[in-house]
Amino acid sequence: MRILIVDDSRAMRMIITRTLRQAGYKEHTVEEAGDGAAALDAIRASAPDIVMSDWNMPVMNGIELLEELQKNGPTPTFGFLTTEGSDEMRERARNAGAKFFITKPFTPEAFQEALAGVI
Amino acid sequence: MLDHPDTHAALLPDQLASRTRDVWNTVLGLDLQPADAAAVAPAGGQRRWSGCIALSGNWRGAITVSCLEPMARMVSGAMFGIEPADASDAEIQDAIGEIANILGGQTKQVLGDNCVLGLPVVIEGEHFETAVPHSHAVVKLTFRCEGHPVDVAVVGADARCR
């Protein structure tokens, strides 16, 4: 599988990649984007299987990215990794089509729990 | 969940201290211990890094995390998986900004979720103060990590600015 990690922090993208490996997802190809707009270009250019996106980013945030994908495609499996995990945000994400929601800080176990059945 | 921090100021420090220590441990793999501010006050003339993120909406204010250069390098080294001495300024800026972002999310959860996080701002230098106009101190926490001071502060907008 090809996984696109979307986060405006390069450090966080590295931590997410590392945590994926620690959680046992070692065989997948990981790509990166620094904001929603860059992710949109990457998704339309290379169609990853899974998108793991931050919510709060410059240029285009995560929910705007998901809503754009739902509206105009394509529609890879999409989930959030974010510092903000309110019930309202989870519901908005779920309604927009998000398949998982992981809050920072996270552990490999949190990845395994959230990604079971997704990857 | 707290509707307003000023009316729960007695509770906020403990919750934020616990969450900050958890962030340090989970994200960085480092132990953060409470410290007396006077005991770890840095001498002048040392390069210091501060990450700040604003909250708006139902509650308005900001959270700031500050540390000296050696600690900032350790934070960056832990996040990027590199030797602290090898961290570039851009990597330190990224790492401190992301730590501020995560602590902002934690603060938001403590204060109540009807507010919105901004994007982090990072400042570095030897002689500077961070100030949010028309605000007042809500919480000031001091920790020690590997012998280095780490300060976390929350300010809330004054009533006329809410």
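**Focus: the overall build of chain B**
- Counting its regular elements, chain B contains three helices and seven strands.
- Secondary structure of chain B in N-to-C order comes out as α-β-β-β-α-α-β-β-β-β.
- Buried residues in chain B amount to 49% of all 162 residues.
- Summarising the internal contacts of chain B: among those between residues at least 6 apart in sequence, 67% fall at separations of at least 24.
- Only carbon and sulfur atoms are counted for the fraction: they give 50% of the accessible area of chain B, which is about 7200 Å².

**Observations regarding the confidence of the model for chain B**
- Averaged over every residue, the pLDDT of chain B is 87; the share at 70 or more is 86%.
- Here strand β4 (residues 115-117) of chain B stands out as the least confident element of chain B, with mean pLDDT 88; helix α2 (residues 69-80) of chain B is the most confident, with 97.

**What to know about the environment of His127 of chain B**
All names here are of chain B.
- Within the secondary structure, His127 sits in the loop between β5 (121-125) and β6 (135-145).
- Classification of His127 by relative accessible area gives exposed; the value is 66%.
- Counting along the chain gives 94 residues from His127 to Gln33, while the straight-line C-alpha distance between them is 26 Å.

**Quick word on α2 of chain B**
All names here are of chain B.
- With 12 residues, α2 extends 16 Å from end C-alpha to end C-alpha; this agrees with the ideal 16 Å at 1.5 Å per step.
- Buried residues dominate α2, accounting for 10 of its 12 residues.
- Taken residue by residue, α2 has Glu69, Met71, Ala72, Arg73, Met74, Val75, Ser76, Gly77, Met79 and Phe80 as its buried positions.

**Thoughts on the sheet that holds strand β1 (residues 2-6) of chain A**
All names here are of chain A.
- The sheet built from five strands is open, its strands ordered β2-β1-β3-β4-β5 with parallel pairing. Looking at which strands have only one partner, the edges of the open sheet turn out to be β2 (29-33) and β5 (100-103). Put simply, the sheet's adjacent strands are angled 20° from each other on average, direction ignored.
- Where helix α1 (residues 10-22) meets the sheet, its contacts fall on β1, β2, β3 (50-53) and β4 (77-82), and the angle it forms with β2 comes to roughly 160°.

**Focus: the interface of chain A and chain B**
- In this assembly, 22 residues from chain A lie in contact with 24 residues from chain B.
- When chain A packs against chain B, the two sides together hide about 1700 Å² of surface, and 53% of this comes from carbon and sulfur.
- Glu98 of chain B serves as the salt-bridge partner of Lys104 of chain A, at 3.0 Å between the closest nitrogen and oxygen.
- Elements with a minimum of two residues in the side of chain A that touches chain B: α1 and α4 (87-96) of chain A.
- For the side of chain A that touches chain B, the element with the most residues is α1 of chain A, which contributes six residues.
- Grouping the constituent residues of the side of chain A that touches chain B by class yields nine nonpolar, six polar and seven charged.

**Section: the pattern of salt bridges**
- Following the criterion strictly, the structure yields 13 salt bridges over all chains and no others.
- With a shortest N-O distance of 3.6 Å, Asp54 of chain A and Lys104 of chain A are connected by a salt bridge. One end of the pair, Asp54 of chain A, is in the loop between β3 and α3 (62-72); the other, Lys104 of chain A, is in the loop between β5 and α5 (108-115), with 50 residues separating them in the sequence.
- On the basis of relative accessibility, which here comes to 1%, the residue Asp54 of chain A falls in the buried class.
- Assessed through its relative accessible area of 1%, Lys104 of chain A is described here as buried.
- Two residues, Lys108 of chain B and Glu84 of chain A, come together in a salt bridge whose shortest N-O distance is 2.4 Å. In this pair, Lys108 of chain B is assigned in helix α3 (residues 89-111) and Glu84 of chain A in the loop between β4 and α4, connecting two distinct chains.

**Quick word on the packing of aromatic side chains**
All names here are of chain A.
- Across all of its chains, the model carries five aromatic pairs over all chains by this definition.
- Measuring from ring centre to ring centre gives 6.0 Å for Phe80 and Phe101, while their planes differ by 50°; the resulting arrangement is tilted. Linking Phe80 in strand β4 with Phe101 in strand β5, this pair joins segments that are 21 residues apart in sequence. Of the two residues, Phe80 and Phe101, neither departs from the other in class, the shared state being buried.
- For the ring pair Phe106 and Phe111, a centre distance of 4.9 Å and an interplane angle of 45° mean the geometry is tilted.
- Relative accessible area serves as the criterion here: at 0%, Phe111 is assigned to the buried category.

**Observations regarding unusual backbone geometry**
- With an omega of -5°, the peptide bond running from Gly73 of chain A to Pro74 of chain A counts as cis.
- Note on placement: Pro74 of chain A falls in the loop between α3 and β4.
- Between Lys104 of chain A and Pro105 of chain A the backbone carries a cis peptide bond, its omega angle lying at 0°.
- Relative to the elements of secondary structure, Pro105 of chain A occurs in the loop between β5 and α5.
- A positive phi is found at His134 of chain B, a non-glycine position, where the angle reads about 55°.
- Inspection of the secondary structure assignment puts His134 of chain B in the loop between β5 and β6.

Reading the values: rules and limits
Residues numbered from 1 in each chain as written. Chains lettered and ligands numbered in written order. Predicted model: local features only at pLDDT ≥ 70, side-chain atom pairs only at ≥ 80, totals over all residues. Heavy atoms only, no water. Helix = DSSP H or I, 4+ residues; strand = E, 2+ residues; numbered from the N terminus. Buried < 20%, exposed > 50% of the residue type's maximum accessible area, 1.4 Å probe, protein only. Contact = heavy atoms within 4.5 Å. Areas by Shrake-Rupley, 256 points an atom, 1.4 Å probe, with all protein chains shown as cover. pLDDT = per-residue confidence, 0-100. Expected span 1.5 Å × (residues − 1). Pairing = 2+ DSSP bridges. Axes fitted to C-alpha atoms, helices over the stretch in contact; angles between N-to-C directions. Buried area = accessible area lost by both parts, 1.4 Å probe. Salt bridge = Lys/Arg side-chain N within 4 Å of Asp/Glu carboxyl O. Nonpolar A, V, L, I, M, F, W, Y, C, P; charged D, E, K, R; others polar. Phe/Tyr/Trp six-rings, centres within 6.5 Å; stacked < 30°, edge-to-face > 60°.

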